[in-house]
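Residue-level structure breakdown
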Amino acid sequence: MSASQSPRLADRLVEHVKAMIHERKLQAGMRLPAERQLANELGVSRSSLREAIQKLISEKVLISRRGGGTYVCDELSPWSEQCIVEPLKTLVADDPDYRYDILEARHAIEASTAWHAAMRATAADKEKLQACFDATLEFKESDNPDLAAQADVRFHLAIAEASHNVVLLQTMRGFFDLMQSSVMHSRQRMYTVPTIFARLTQQHEEMLQAILAGDPERAGRAAKSHLGFVHSTIKGLHEDEARLARITRLPDENSL
């Protein structure tokens, strides 16, 4: 390919990636598929894809985050990012147990977003909620827990959007931004355990049906029950990982 053709290819790839983001309803803070997977899907070389992604990063459509991965740029205001999200990121980085504070805060806030969504959701909101819930079902047999976790995030953010409370919505976006680095691994693991996935699906459906029915009390209870389950499940997964890590550090009996 000549040098004159390369820019045109990059520009076409930019449009292809934008179309993919739109078609898959990847919202702010959602992660793109891994580079190798995306290059295969688009039928291009990884170097060409990188060039297109760099263009999208310069356009502030995408952002590359420390720790790996390319994400759709979130819509947090500079003030929210600097004064709320960044200080909490530092806390979580210094002491990972702060992730449980984030989950506890979600427990309170999502009960409120669900309550208000049941009161205020428009026909368009309800259609989007149903579509986001249906998207979570597509990954039941998936071997891609990352995409499954993203579908989960889209469902919860759709509820926050349906609350029509911009403060709650921006707070939720900030929480999920924090969770990308603090608990994403465990959230992904939840989708590899069939019994856990089934419980999550049931809880999501109860939240959805309560909102569609316009029952705020039921919606709030469903959100609290769901977040309580997520909190205890993630904590259990982390404890299991820590236990296994301790076992692997034990000296071999033959060395004693």
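Our structure is the block above this text.
Cut-offs used in this document
- The written sequence of each chain sets the order in which its residues are numbered from 1.
- It should be noted that, the model being predicted, local features are given only for residues of pLDDT at least 70 and side-chain atom pairs only at 80 or more, the latter also being counted only at that level, while totals for whole chains, interfaces and linings use all residues.
- As a convention, hydrogens and water are excluded, and side-chain values are obtained from all of the structure's heavy atoms.
- Labels follow the DSSP assignment, with helices taken as runs of H or I lasting at least four residues and strands as runs of E lasting at least two, numbered in each case from the N terminus.
- Burial status follows relative accessibility: with a 1.4 Å probe on protein chains alone, a residue under 20% of its type maximum counts as buried, one over 50% as exposed, and anything between as partly exposed.
- By definition, residues are in contact when any of their heavy atoms lie within 4.5 Å.
- Here the Shrake-Rupley method, with its probe set to 1.4 Å, supplies the accessible areas, and only the displayed protein chains count as covering residues.
- Here the expected length of a helix is defined as 1.5 Å per residue gap, with one fewer gap than residues.
- Working convention: axes come from line fits to C-alpha atoms, limited for helices to the stretch in contact. Angles between N-to-C directions cover 0 to 180 degrees.
- Note on angle classes: values under 35 degrees are labelled roughly parallel, values over 145 roughly antiparallel, values of 65 to 115 roughly perpendicular, and the remainder oblique.
- By definition, any crossing whose near helix is turned counterclockwise from its far helix by less than a right angle is left-handed, and any crossing with a clockwise turn is right-handed.
- Polar here means any residue other than Ala, Val, Leu, Ile, Met, Phe, Trp, Tyr, Cys and Pro, which are nonpolar, and Asp, Glu, Lys and Arg, which are charged; Gly is therefore polar.
- Put simply, a nonpolar core is a bunch of buried Ala, Val, Leu, Ile, Met, Phe, Trp, Tyr and Cys residues held in one set by side-chain atoms that sit within 4.5 Å of each other.
- An automatic or database domain assignment provides the domain bounds reported here.
- The salt bridge criterion pairs a side-chain nitrogen of Lys or Arg with a carboxyl oxygen of Asp or Glu, the two atoms within 4 Å.

1. Considering the overall build of the chain
Scanning the chain from terminus to terminus reveals 11 helices and 2 strands. Burial analysis of the chain (256 residues in total) assigns 44% to the buried set. Look at the contacts in the chain between residues 6 or more apart in sequence, and 71% of them connect residues 24 or more apart. Carbon and sulfur atoms form 53% of the exposed surface of the chain, whose accessible area is close to 13,500 Å².

2. A closer look at the environment of Ile234
With respect to the helices and strands, the residue Ile234 is situated in helix 11 (residues 216-248). Separated by 131 residues in sequence, Ile234 and Leu103 place their C-alpha atoms 9.6 Å apart.

3. Focus: helix 7 (residues 145-162)
A rise of 1.5 Å per residue sets the reference length of helix 7, with its 18 residues, at 26 Å; its end C-alpha atoms lie 26 Å apart and thus fit the reference within 8%. Backbone geometry just downstream of helix 7 places His164 in the positive-phi region, at approximately 55°.

4. Looking at the packing of helix 6 (residues 123-137) against helix 7
Across the interface, helix 6 lies against helix 7 with an axial gap of 8 Å and an inter-helix angle of 165°. In terms of orientation, helix 6 and helix 7 fall into the roughly antiparallel class. The two elements helix 6 and helix 7 cross, and the hand of that crossing is left-handed. Packed against helix 6, whose contacting residues are Asp125, Lys128, Leu129, Cys132, Phe133, Ala135 and Thr136, the element helix 7 presents Ala151, Asp152, Arg154, Phe155, Ala158, Ile159, Glu161 and Ala162 at the interface. Of the residues contributing to the contact of helix 6 with helix 7, the split by class is 9 nonpolar, 1 polar and 5 charged.

5. Overview of the nonpolar core
Formed by 27 residues in total, the largest nonpolar core has its most connected members in Ile21, Leu26, Leu32 and Leu62. At the level of elements, helix 1 (5-23), helix 2 (35-42), helix 3 (46-58), helix 5 (98-120), helix 7 and helix 8 (166-182) are the ones that each hand at least two residues to this core. The dominant element in this core, judged by the number of residues it contributes, is helix 1, at 6 residues. No fewer than three residues from each of domain 1 (5-72) and domain 2 (86-248) sit in this core. Excluding anything up to four places from it in sequence, Leu32 contacts Val17, Met20, Leu26, Leu38, Leu62, Thr70 and Val72. Counting residues in hydrophobic clusters, the runner-up holds 18 residues, among them Leu129, Ile159, Met207 and Ala223.

6. A word on the pattern of salt bridges
This structure, assessed with the given rule, holds 9 salt bridges. Among the charged side chains, a network of salt bridges with common partners joins Glu35, Arg46 and Arg50.

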